There are 2 protein chains.
Amino acid sequence: MLTEQRKSLLLDRLRADGRLVAKDLSLELAVSEDTIRRDLRELAADGLLKRVHGGALPLAPEHGPLVRRVGLKTDEKAQLARLAAPLVTSGSVCFVDGGSTHAALLNALPAELDATIITHSPTIAAATERLPRVTCILIGGTIYKQSMVALGAKAHGALGDLAFDVAFIGGTAFAPDRGLMTVDREEALFKAAAAERAASVAVMLTAEKIGASAPFKIMDAAAITTMIVPDVPLPDTLTASTDVLLS
Amino acid sequence: MLTEQRKSLLLDRLRADGRLVAKDLSLELAVSEDTIRRDLRELAADGLLKRVHGGALPLAPEHGPLVRRVGLKTDEKAQLARLAAPLVTSGSVCFVDGGSTHAALLNALPAELDATIITHSPTIAAATERLPRVTCILIGGTIYKQSMVALGAKAHGALGDLAFDVAFIGGTAFAPDRGLMTVDREEALFKAAAAERAASVAVMLTAEKIGASAPFKIMDAAAITTMIVPDVPLPDTLTASTDVLLS
DNA sequence: TTTTTTCGTGCATATTCATGCAATATCGCG
DNA sequence: CGCGATATTGCATGAATATGCACGAAAAAA
């Protein structure tokens, strides 16, 4: 393994996982911890990451409510993202909803991926920058501060002439009998419209959303093609109609 | 084995494997490591790969252009941004172009600002998150990787029914006789269309852009209402029709 | 506090690199 | 064909780089 190659691998890993642990990396890459520490020191000197005791963290964990959420459950989301990433196949056309979980998905996509990503989230769109072969179509409209995505008539209209191979749809709550839910009516309508235009629907859920409830229904559980969830007990009713990827 | 043949084989191998290791190649091709190293040196000089200790790697696509630019001239841009921020007055409706300079502008806006910001840049839109009283309208369309903004027919159409108090327009070059210019025709058309819909046009320019040239004209110097520039000598011809803020 | 883990530095070793030089091969041209 | 010019290759040498280990300091954990 070339030194420079290892360093860029570290940076990729940092982007995907949100942190680096020197000890784990030394085992995984079969080099001494000293070597990893040296790498981290040099990358930090180049201003590419921030050294901390035990490993390293991204430089500017951008501020703001959304990113604060990103900071939470980082591991869980990164793990879900690694599971979900293969669903974005080469040549496919994917809708990606907003939210920190989907931001983690973007970070987990391989750099050489060749696909089309359609989103109404400026954060997701910005994350496509590192993917040179990905075409990104941004759906415009009025940005809703609560979730930082474009919604409203304009955004709805822009969906009109699109069709997706896969739609990654997020929500704030999920229950087998009530389906996928969220806290805002406008959001729910948009997510439902996006899901309807997709050949398959993928839903990534962190543990605390499962079994919870929220006022506005996005879609039935049966409409979900693939669920990506942590390895927690799930009702059997799900597995009948839905693929479930467990982390 | 001919030298050129070997070199092109090296490039093929680099594409396939994502890296080259000098020692392995010398064994495999039955030539000395010196020969391989010489090849790599020459290929690197031709800009076809990146030499590293032990071999070579593909040319670094790693640095996203925007990310890299954000890191550069940070101080200068922040200073321009402080000057330009008061142009975004309470209650006004502003168009903000993409680019790292405008990202700095967003960072310089006061948290209590109450205004409407319209942009075709996902990065700018994401930056409005920390401004709770700012309404953001995102212009959608196909994202152009080069500049990470939405362009094309969709984006153009979305401009149609909008009018701005101020438009912040960027460019890659400016000269008093040639006006504001950029490197892409599609970009130039969009910027011009945005500027036409604004009561006043503000242009923030870092020093290296002044007096430079680029192929596509956005607008005449006379169409610029306010220029925000570093404190460098400027032709008198400007000050006649344009406000100039010096840092 | 005590204990454990991680860090930084200095140092030793192994690998890789750049340079100069010589041997050989190839080409250009009369 | 002959002969010089140029290019290619391999080798030797000293420099630069990469890595691992040891040891005391610093930080985190108990």
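Only a predicted model underlies this, so the values are computations on that prediction, with no experimental measurement involved.

## Side note on the nonpolar core
Part 1: Counting 30 residues, the largest nonpolar core has B:Phe95, B:Ile139, B:Phe164, B:Ile169, B:Leu180 and B:Met219 as its most contacted members.
Part 2: For this core, the leading source of residues is helix H9 (residues 185-196) of chain B, giving 6 residues.
Part 3: Apart from residues no more than four positions distant in its own chain, B:Phe95 is found in contact with B:Ile118, B:Thr119, B:His120, B:Ile139, B:Phe164, B:Val166, B:Ala167, B:Phe168, B:Ile169, B:Phe190 and B:Ala194.
Part 4: Grouped together as the second largest cluster of nonpolar side chains are 29 residues, A:Ala167, A:Ile169, A:Ala194 and A:Val201 included.

## Points about the pairing of strand E5 (residues 116-119) of chain A
Residue and element names in this part refer to chain A.
Part 1: On E5, burial covers both faces: Thr116 and Ile118 on one face and Ile117 and Thr119 on the other are all buried.
Part 2: Strand direction decides the pairing type here: strand E4 (residues 93-96) and E5, joined by 4 bridges, are parallel. Note that in E5 the partner of Val96 across the bridge is Thr119.
Part 3: Across 4 bridges, the pairing between E5 and strand E6 (residues 135-138) is parallel. Paired with Thr119 across the two strands is Leu138, which belongs to E6.
Part 4: The parallel pair E5 and E6 is bridged by helix H7 (residues 122-127), and the resulting crossover is right-handed.

## Looking at the packing of aromatic side chains
Any two aromatic rings considered together are summarised by their centre-to-centre distance and by the angle between their planes.
All names here are of chain A.
Part 1: Throughout the structure, instances matching the rule amount to 4 aromatic pairs over all chains.
Part 2: Judged by centre distance (6.1 Å) and plane angle (45°), the ring pair of Phe95 and Phe190 falls under tilted. Residue Phe95 is located in strand E4, and its partner Phe190 is located in helix H9 (residues 185-196); the two are separated by 95 residues in the primary sequence. Each of the two residues, Phe95 as well as Phe190, counts as buried.
Part 3: Grouped by ring-pair contacts, the aromatic residues Phe95, Phe164 and Phe190 constitute a single cluster.

## Things to note about the protein's contact with DNA strand C
Part 1: The full set close to DNA strand C counts 18 residues, and A:Arg51, A:Gly54, B:Arg37, B:Arg51 and B:Gly54 are the nearest of them.
Part 2: Backbone atoms, meaning sugar plus phosphate, form 80% of the atoms of DNA strand C positioned within 4 Å of the protein.
Part 3: Interatomic distance of 2.9 Å between a side-chain N/O atom of A:Arg37 and a phosphate oxygen of DNA strand C.
Part 4: Contributing elements (two or more residues each) for the surface near DNA strand C: helix H3 (33-45) and strand E2 (50-52) of chain A together with helix H3 (33-45) and strand E2 (50-52) of chain B.
Part 5: Across the surface near DNA strand C, the residue classes tally to 2 nonpolar, 6 polar and 10 charged.

What counts, and where the lines are drawn
- Residues numbered from 1 in each chain as written.
- Chains lettered and ligands numbered in written order.
- Predicted model: local features only at pLDDT ≥ 70, side-chain atom pairs only at ≥ 80, totals over all residues.
- Heavy atoms only, no water.
- Core = buried A, V, L, I, M, F, W, Y, C linked by side-chain atoms within 4.5 Å.
- Buried < 20%, exposed > 50% of the residue type's maximum accessible area, 1.4 Å probe, protein only.
- Helix = DSSP H or I, 4+ residues; strand = E, 2+ residues; numbered from the N terminus.
- Contact = heavy atoms within 4.5 Å.
- Pairing = 2+ DSSP bridges.
- Right-handed = clockwise from strand over helix to strand, strands pointing away.
- Phe/Tyr/Trp six-rings, centres within 6.5 Å; stacked < 30°, edge-to-face > 60°.
- Near = heavy atom within 4 Å.
- Polar contact = N/O pair within 3.5 Å; in protein donor to acceptor, adjacent residues only side chain to side chain.
- Nonpolar A, V, L, I, M, F, W, Y, C, P; charged D, E, K, R; others polar.

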